[in-house]
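Structural features, examined
Below are the chains, spelled out letter by letter.
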Amino acid sequence: MEGIQIRSRLLLVLLSLASLSVAVADSVTQEEAKQLRDEVRDMFYHAFNGYMDHAFPLDELRPLSCAGEDTLGGYALTLIDSLDTLALLGDRQRFAASVEWIGKNLRFDINKTVSVFETTIRVVGGLLSAHLIATDYATGMRVPLYDNQLLNLAEDLARRLLPAFDTPTGIPFGSVNLLHGVDKHESKITSTAGGGTLTLEFGVLSHLTNDPVFEQVTKNAVHGLWARRSKLNLVGAHINVFTGEWTQKDAGIGTSIDSFYEYLLKAYLLFGDEEYLYIFREAYTAAMHYLYHDPWYVEVNMDSAAIVWPLFNSLQAFWPGLQVLAGDINPAIRTHAAFMSVWRRYGFTPEGFNLASLSVQHGQESYPLRPELIESTYWLYKATRDPRYLDAGRDMVASLQYGTRCPCGYCHISDVEHHNQEDHMESFFLAETVKYLWLLFDLAVGPDNLVENGPYKYIFSTEGHLLPATPQISLVREHCLYYGAYCRSGDLRQTYFVPESDKDKKESNDTRFYESWTKATYSSDYTTFEPSAISGLIKGFCPGLKHGQKYGILYVHSTDERHDYETNQVQQKESTTVQSHSSVLVLNGQSSDHLLPDSSSDHNDSQIRESDVTP
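Summary of the structure given here. Please read all numbers here as calculations on a predicted model, not as lab measurements. (Residues numbered from 1 in each chain as written. Predicted model: local features only at pLDDT ≥ 70, side-chain atom pairs only at ≥ 80, totals over all residues. Heavy atoms only, no water.)

Once that is clear, we can look at the state of the cysteines. With the rule as written, the count across this model stands at 2 disulfides. The disulfide partner of C66 is C408, and the S-S distance across this bridge is 1.8 Å. Between C66 and C408, the S-S dihedral sits near 85°, and the bridge is therefore right-handed. Residue C66 is located in the loop between β1 (60-62) and β2 (67-69), and its partner C408 is located in the loop between β16 (405-406) and β17 (409-410); the two are separated by 342 residues in the primary sequence. You can call C408 buried: its relative accessible area is 7%. Here C406 engages in a disulfide with C411; their sulfurs sit 2.3 Å apart. The S-S bond linking C406 to C411 shows a torsion near 115°; that makes this disulfide right-handed. Exposure remark for C406: the relative accessible area of 5% places this residue in the buried category. (Disulfide = S-S within 2.5 Å. Helix = DSSP H or I, 4+ residues; strand = E, 2+ residues; numbered from the N terminus. Buried < 20%, exposed > 50% of the residue type's maximum accessible area, 1.4 Å probe, protein only.)

This part covers unusual backbone geometry. A cis amide bond, omega 10°, links F56 with the succeeding residue P57. Along the polypeptide, P57 turns up in the loop between α3 (30-54) and β1. Geometrically, the link from D294 to P295 is a cis peptide bond, its omega value of 5° lying close to zero. Tracing the sequence through the fold places P295 in the loop between β9 (292-293) and β10 (296-297). One non-glycine residue, R385, lies in positive phi territory at about 55°. Relative to the elements of secondary structure, R385 occurs in the loop between α15 (372-384) and α16 (388-404). On the accessibility criterion, R385 (32% relative accessible area) is partly exposed. In this structure, H419 is a non-glycine residue whose phi angle is positive, near 55°. Position of H419 relative to the elements: it lies in the loop between β18 (412-415) and β19 (420-422). In this structure H419 comes out as partly exposed when scored by relative accessible area, which is 34%.

Two aromatic rings are characterised by how far apart their centres lie and by the angle between their planes. Enumeration over the complete set of coordinates arrives at 28 aromatic pairs. Centre to centre, the rings of Y436 and F460 are 5.4 Å apart; their planes meet at 40°, and the pair counts as tilted. Placement of Y436 in helix α17 (residues 428-445) and of F460 in strand β20 (residues 458-460) is noted, with a sequence separation of 24 residues between them. In this structure, Y436 and F460 share a single accessibility class: buried. Each residue in the set F260, Y261, F280, Y284, Y292, Y297, F318 and W319 is aromatic and connected to the rest through ring pairs, giving one cluster. Residue placement shows K188 over the ring face of F242; its charged tip is 5.1 Å from the ring centre. The lysine or arginine in question, K219, covers the ring of Y276, its NZ or CZ lying 5.4 Å from the ring centre. (Phe/Tyr/Trp six-rings, centres within 6.5 Å; stacked < 30°, edge-to-face > 60°. Lys NZ or Arg CZ within 6 Å of the ring centre and 35° of its normal.)

Written as structure tokens, this is what we have:
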């Protein structure tokens, strides 16, 4: 591994010299940022209009031949994936027209076998995001006469995906037929990302329909995967959904695993379920210990941690953005710089770059318009306001414009070394790639968009769809947190033990509170307690709530712990920080960020502005 580290450092030096002209070039000014924002907007409409003129209502555009193709299910995939981008750009007319067309014409009672993962993140997520925008006056994009058609379609589609979860492990099959369910010959092997990246969309659907089944099956899937982790707290890439045996034990943060990590943290941020945070902390600590070779990440055997692949693959590029949300900024900066050096060397990131040979991995030469590095660039600029990320965005726009633009849209690059174009444009180019670029430059200009200035904080799904932390979604059990209250649904009913000594511990709305997070300890005397938490992402005041209730942390402590807990509460009111290896910082005020300190001392010096990190 020492040889790889030396080569990696050499690579960074060589690539930094190759990009010296970029370093000495003028940084992006505010006026140039405005021009780049407008250019990205034009990029979106070049591709969107190309799709609508030449491919709609087929799934995706063939931008070289100006034709269409069905790639997922044959239900106007690119239009659905583009809905919240239209809203983000403020295009009320096209957004409303698209919502109306989908509500009148789309149906899912079709004999098509589809990917559970792709259908969930692209279609269910796209419909839910657009529904939430179209029904809310506060977004400025409410559609007159809209009557929940997209929500009904999302629920119908999700119910057609439910048979995939009927497995002994709870981990879903990879594919399901929308009319007939799971085929008897369907493969029992699925990826970790495919089974563990469904919680946001299905969870939101449960909260909007008041039907817990969607949230329950996806949480069971996460439990099924995490229960089969190795002793090192690593998960593999592929698993048998019937036996629970790992069929590929390569552990990494990229292909086949990536969004499993992403949805652990984001499910906590959106729903406030501290179990997801606990799993994320364990998984993230293991990843940073066994996979991180500063500034790169490798793939290892999940049981032994022996290196399997010294490879940067393009799906790893989401990780620095996730680290921003977790509060681990310094390693995110270093890793992003390494990934960006590969982009500047080739004009794009190949699907695979070999860290041992310092060359494009054979068979992984393509760039299919992926958004992950752009996404991380946006989050790092949001957190640091460092102009280097605007410079990176400018380079990315130039690469896309000069390398991938074609007659009716934007093309895949089949070989990053020769920039050969391929006649395909994934729907995520409109859902994510141009969305994150536009947000980056709009943030630099002085943001005027739904995400930065809207009524809610937003969590981005892995497909880039906007999921707002509305009270209905993030505070679904909020009414249970008042003394003597109870949940309206029998499926959600919970009871709480409240120590007498805690009943006097109330505080005013303007008190700032820093809470140390520890794994809940359950006493056998209080077996009816189920932990519940609110996300803390909603502004507002609930009179009469205790510390933990108001800020989203509510635990039962054993008798021996109660005295220490109450003493610590007094001390924490006086303090401005909490020095704890396992602490999570929950802030009141304009935003409430859950910051995760890394287990390594190398990462504890990260500095973030609170207002810049909350999604």
